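Fold and geometry: a report
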Amino acid sequence: MSSRNLAIGGCACVLIGAVVGLLWPRPTRLTFLNVGQGDCAVFETEGVAILIDSGPKDSTSDAGERIVVPRLRQMGVDGVDLILLSHPDMDHIGGTGAIVRAFPEATIAASRYFQHNTQLLEQLRKWGKRPEEVKWLGPELKGSLGEFKIRIECPAIDENQETNDGSMFVSIVDGAASAVFTGDAPVKAEEAMEPIGGWRSEVMKAGHHGSRTATSESWIETVRPEYAILSCGKNNRYGHPHKEVVDRLEADGVKICRTDREGDITFDFLNGRFVRE
Ligand SMILES: [Zn+2]
């Protein structure tokens, strides 16, 4: 895939300039992989593949190796251009090592506020990546990928704050086809982002696996999603998704999609919208 080259500018306002091939055999689609208790979404457009988080890894299981890499191959993804790490918790970054082994051309990008995060630095070492090879993003970056506008907001945090508080907010928009990702950001981070505006999205990944710590009524009103994705493991020990979040979404008429019950959740780009497969 020499024709593919996704470049990220370091400038505060300009993020992604995409130089893509003239032919893109794969359709535009957005897939939330069923990685158990963790997150991994795959956005493909114009031959470029971006991952938002990479699935969980613990002492017994590596979702990157077991699930993400095989699924990407099945989906026909023959290269990963960018892996956005929402924040350095293992249920979000754990699969990265397996993915960069399978797709060594992948660029890893993370919030600059995690540049000194011990866990992330330790994992980078294990993945054979130097910190200088990571694209450290923030606070706000905007760019485009084909017709899609991509915006990333990285909340500023200090080292005394929880990593969840620094979860990056990612928005992808092409007209009505739009999605927003907030990692494990808590309600106070949602509140801080609301005034910035432009969050209205057809597809919303519910924050923190459907925990009651996220997805406030106010955030739902801000995003006004048609679909909410709850990415969580079957019978997980946290009780995610929490009932009050599910109730809140249902009361607002949002269609709920759960990876623990439905497996992978795929949206095709059809007539200018994301349409559930
Ligand atoms: Zn998480």
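Further up the page is the structure itself.
Here we summarise the structure given alongside this text. Not measured: the values here are computed from a predicted model.

Rules behind the numbers
- Residues numbered from 1 in each chain as written.
- Predicted model: local features only at pLDDT ≥ 70, side-chain atom pairs only at ≥ 80, totals over all residues.
- Heavy atoms only, no water.
- Core = buried A, V, L, I, M, F, W, Y, C linked by side-chain atoms within 4.5 Å.
- Buried < 20%, exposed > 50% of the residue type's maximum accessible area, 1.4 Å probe, protein only.
- Helix = DSSP H or I, 4+ residues; strand = E, 2+ residues; numbered from the N terminus.
- Contact = heavy atoms within 4.5 Å.
- Donors = N, O, S within 2.8 Å, 3.2 Å for Na, K, Ca; no water.
- Tetrahedral: all angles 85-135°; square planar, octahedral: opposite > 155°, others 65-115°.
- Polar contact = N/O pair within 3.5 Å; in protein donor to acceptor, adjacent residues only side chain to side chain.
- Phe/Tyr/Trp six-rings, centres within 6.5 Å; stacked < 30°, edge-to-face > 60°.
- Lys NZ or Arg CZ within 6 Å of the ring centre and 35° of its normal.

Let us now look at the nonpolar core. Of all hydrophobic cores here, the largest spans 31 residues; its most connected members are Leu51, Val80 and Leu120. In terms of residue count, the dominant contributor to this core is helix 1 (residues 63–74) (five residues). Not counting residues within four places of it along the chain, the set of residues in contact with Leu51 comprises Cys40, Ala41, Val42, Val68, Leu72, Val80, Leu82, Ile83, Leu84 and Ile99. Within the second largest apolar cluster, 30 residues are counted, among which are Phe32, Leu137, Met168 and Ile229.

The next subject is the coordination of the zinc ion. Of the protein atoms, only Asp91 (OD), His92 (NE2), Asp184 (OD) and His209 (NE2) coordinate the zinc ion, at distances of 2.0 to 2.1 Å. In this structure, the zinc ion is coordinated by four donor atoms arranged in irregular fashion, with angles at the metal of 89 to 143°. Counting along the primary sequence, the residues that act as donors to the zinc ion give the motif D-H-x91-D-x24-H. Taken together, the residues span a long stretch of sequence, with His92 in helix 2 (residues 90–93) and Asp184 in the loop between strand 12 (177–181) and helix 5 (187–193) at a distance of 92 residues. For the pair shown, His92 and Asp184 are each scored as buried.

Here Asp39 shows up in the loop between strand 3 (29–32) and strand 4 (41–45). With a relative accessible area of 2%, Asp39 lands in the buried category. Spatially, the C-alpha atom of Asp39 lies 20 Å from that of Val275, the residues being 236 residues apart in sequence. When sequence neighbours within four positions are dropped, the list of residues in contact with Asp39 reads Asp53, Ser54, Gly55, Asp91, His92, Gly183, Lys205, His209 and Ser231. Here Lys205 takes part through its side chain, which lies 2.8 Å from a polar atom of the side chain of Asp39. Within the structure, Asp39 has its side chain in polar contact with the side chain of Ser231 (distance 3.3 Å).

A complete count under the given rule lists ten aromatic pairs for this structure. Their ring planes at 55° and their centres at 5.8 Å tell us that Trp199 and Trp219 sit as a pair that is tilted. With Trp199 in the loop between helix 5 and strand 13 (203–205) and Trp219 in helix 6 (residues 217–223), this residue pair connects regions lying 20 residues apart in the sequence. With relative accessibility at 1%, the residue Trp199 sits in the buried group. The positively charged end of Arg151 is found above the aromatic ring belonging to Trp199, 4.1 Å away from the centroid.

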